[in-house]
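Spelled out from the first residue to the last, the chains are:
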Amino acid sequence: MTKAIVHLLLKDFDSLVSEDAKEMGFLPQDFDTSELKPLLTKILTVGLIDSGSDLRKRKRKLLEISNELNEVFFQYPFSVPPFFALVTRGLGLLEGIALSGDPEFDIFRASAPYARRRAVALLGSHSLVQRKA
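S.K.: Mind showing me how you'd approach the packing of aromatic side chains here?
M.R.: How two aromatic rings sit relative to each other is set out by the distance from centre to centre and by the angle between their planes. Evaluation of the coordinates by the stated rule reveals four aromatic pairs. When the centroid spacing of 4.8 Å and the interplanar angle of 85° are considered together, the rings of F26 and F84 count as edge-to-face. You can see F26 sitting in the loop between helix 2 (13–23) and helix 3 (36–49) and its partner F84 sitting in helix 5 (residues 82–101), a full 58 residues away along the chain. Taking relative accessible area as the criterion, F26 reaches 11% and is therefore assigned buried. Taken together, the aromatic side chains of F26, F83 and F84 make up a single cluster linked through ring pairs.

Below you can see the structure in the form of structure tokens.
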């Protein structure tokens, strides 16, 4: 999961889809992700990264893309590992608490230093190098 967070923060959606989604059990290991990468790159960029720290804007963006995500998840062999449902629920709760105290809170910006330290500890400093497409 650490690699997936680092790839998300670095906007390395290629690795996120082709490697991390398989390693975490979202997609079968032998699945060809070439058709899926551009779809998820667009969705992740618009829905998560570009929406910034404004909670209302982020919620509106997520609602706008939820139908797209549902279509993608039903068209491809996705499955959600049980651990992920718990993690996302916990993160959503923590983000909500943080936003009630600081309306400018950005979970991506806040988690970046921890994710980087964790990635270096687990994966080495080379894990933080942005990959060229």
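S.K.: What am I meant to see in the packing of helix 1 (residues 2–9) against helix 2 here?
M.R.: Between two packed helices, what matters for the description is the angle formed by their axes and the separation of those axes. Where helix 1 contacts helix 2, the axes come no closer than 9 Å and their chain directions differ by 165°. By the angle class used here, helix 1 and helix 2 are roughly antiparallel. Of the two possible hands of crossing, helix 1 and helix 2 adopt the one that is left-handed. Note on element contacts: helix 2 touches helix 1 through F13, S15, L16, E19, D20 and E23, opposite K3, A4, H7 and L8. Split into classes, the residues belonging to the contact of helix 1 with helix 2 amount to four nonpolar, two polar and four charged.

S.K.: Whenever I open this one, the side chain of T2 confuses me. Can you help?
M.R.: Along the chain, T2 falls in helix 1. Judged by relative accessible area, which is 18%, T2 ranks as buried.

S.K.: Sorry if this is basic, but what is going on with the pattern of salt bridges here?
M.R.: A side chain of one charge can pair with a side chain of the opposite charge if their charged atoms are brought near each other. Summed over the entire model, instances satisfying the criterion amount to two salt bridges. A salt bridge links K3 to E23, with the shortest nitrogen-to-oxygen separation between them at 3.0 Å. Of this pair, K3 sits in helix 1 while E23 is found in helix 2, placing the two residues 20 residues apart along the sequence. Accessibility expressed as a relative area gives 26% for K3, which makes it partly exposed. In this structure, K37 and D14 form a salt bridge, with 2.8 Å as the shortest nitrogen-oxygen distance. One end of the pair, K37, is in helix 3; the other, D14, is in helix 2, with 23 residues separating them in the sequence. Residue D14 is classed as partly exposed on the basis of its relative accessible area of 40%.

S.K.: Looking at this structure, I do not really get helix 2. What am I missing?
M.R.: Side chains of residues three or four places apart in an α-helix project in the same direction, reflecting 3.6 residues per turn. Burial analysis of helix 2 places eight of its 11 residues in the buried class, the great majority of the element. Within helix 2, burial applies to F13, S15, L16, V17, S18, D20, A21 and K22. Positive backbone phi, approximately 95°, marks G25, located one or two places after helix 2.

S.K.: Got a minute to help me understand the nonpolar core in this structure?
M.R.: Considering soluble globular proteins, one finds that nonpolar side chains tend to be buried as a cluster. In this structure, L16, L36, L40 and V72 are the most contacted members of the largest nonpolar core, which totals 21 residues. Those elements that place two or more of their residues in this core are helix 1, helix 2, helix 3, helix 4 (55–75) and helix 6 (107–123).

Criteria and cut-off values
Here the residue numbering is sequential within each chain, running from 1 through the sequence in written order. Two thresholds apply to this predicted model, a pLDDT of at least 70 for residue-level local features and 80 or more for giving and counting side-chain atom pairs, whereas whole-chain, interface and lining totals are computed over all residues. Side-chain measures here rest on the full set of heavy atoms in the structure, leaving out hydrogens and waters. Only the six-membered ring of Trp is used, alongside the rings of Phe and Tyr, when aromatic pairs are assigned; centres must lie within 6.5 Å, and planes under 30 degrees apart are stacked while those over 60 apart are edge-to-face, with the rest tilted. Segments assigned H or I by DSSP are reported as helices when at least four residues long, segments assigned E as strands when at least two residues long, and all are numbered from the N terminus. Burial here depends on accessible area, computed with a 1.4 Å probe over protein chains only, as a share of the maximum for the residue type. Under 20% is buried, over 50% is exposed, and the range in between is partly exposed. To obtain an axis, a line is fitted to C-alpha atoms, over the contacting stretch when the element is a helix, and the angle between two such axes runs from 0 to 180 degrees between their N-to-C directions. Each angle gets one of four labels, with under 35 degrees taken as roughly parallel, over 145 as roughly antiparallel, 65 to 115 as roughly perpendicular, and the rest as oblique. Crossings are assigned a handedness: left-handed for a near helix turned anticlockwise from the far helix by less than a right angle, right-handed for a clockwise turn. Note on definitions: a residue-residue contact is assigned when non-hydrogen atoms from the two residues lie within 4.5 Å. For this classification, Asp, Glu, Lys and Arg are treated as charged, while Ala, Val, Leu, Ile, Met, Phe, Trp, Tyr, Cys and Pro are nonpolar and the rest, including Gly, are polar. Any carboxyl oxygen of Asp or Glu within 4 Å of a side-chain nitrogen of Lys or Arg constitutes a salt bridge here. Put simply, buried Ala, Val, Leu, Ile, Met, Phe, Trp, Tyr and Cys residues joined by side-chain atoms within 4.5 Å make one nonpolar core.

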